[in-house]
Amino acid sequence: MSVIIEISVHPDDSVSDLKRQLQGRFCHEWGLAGRKRDRDGVGTGWELLTSEGIILGSWFFLNSYDIQHHDKIYVVVRRYDDKI
């Protein structure tokens, strides 16, 4: 499924900031509720990717990836089974 979501972030925001913002908005829709959290409070098992397929590392800033206004970033969410 493909859905375009517009968000506003600053280039000096970290990838973790963006992930927390998205997680706050789409936690239930994307199945992120109940997942283990990393040290930044972001649920595990999902990543952000550039249109070139580069995974955005949570410890970097958005400007580290030369992301520009209107660029597309993809969200990949792994299915989650808390019994594993």
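In what follows, the structure referred to is the one given above.
Residues numbered from 1 in each chain as written. Predicted model: local features only at pLDDT ≥ 70, side-chain atom pairs only at ≥ 80, totals over all residues. Heavy atoms only, no water.

Trainee: Explain the nonpolar core to me, using residue names and the numbers behind them.
Mentor: The biggest cluster of nonpolar side chains holds 11 residues, and these are Val15, Leu18, Leu22, Phe26, Cys27, Leu32, Val42, Trp46, Leu48, Leu56 and Leu62. At the level of secondary structure, the elements contributing two or more residues to this core comprise helix 1 (15–26) and strand 1 (46–50). With four residues, the top contributor of residues to this core is helix 1. Look past the residues within four positions of Leu22 in its chain and what remains in contact with it is Ile7, Cys27, Trp30, Trp46, Leu48 and Val75. (Core = buried A, V, L, I, M, F, W, Y, C linked by side-chain atoms within 4.5 Å. Buried < 20%, exposed > 50% of the residue type's maximum accessible area, 1.4 Å probe, protein only. Helix = DSSP H or I, 4+ residues; strand = E, 2+ residues; numbered from the N terminus. Contact = heavy atoms within 4.5 Å.)

Trainee: Give a detailed account of the pattern of salt bridges, specifying residues and quantitative values.
Mentor: Evaluated as defined, the whole model comprises two salt bridges. Between Arg20 and Asp17 there is a salt bridge, with its nearest N and O atoms 2.6 Å apart. Highlighted residues: Arg20 and Asp17, both in helix 1, separated by three residues, approximately one helical turn. The class of Arg20 is partly exposed, set by a relative accessible area of 33%. Take Asp17: its relative accessible area is 30%, and that puts it in the partly exposed class. Close ionic contact of Glu47 with Lys19 constitutes a salt bridge, the shortest N to O distance being 3.7 Å. A residue pair is termed long-range when its members are at least 10 positions apart, and Glu47 in strand 1 and Lys19 in helix 1 qualify at 28 residues. A relative accessible area of 32% places Glu47 in the partly exposed class. With a relative accessible area of 3%, Lys19 lands in the buried category. (Salt bridge = Lys/Arg side-chain N within 4 Å of Asp/Glu carboxyl O.)

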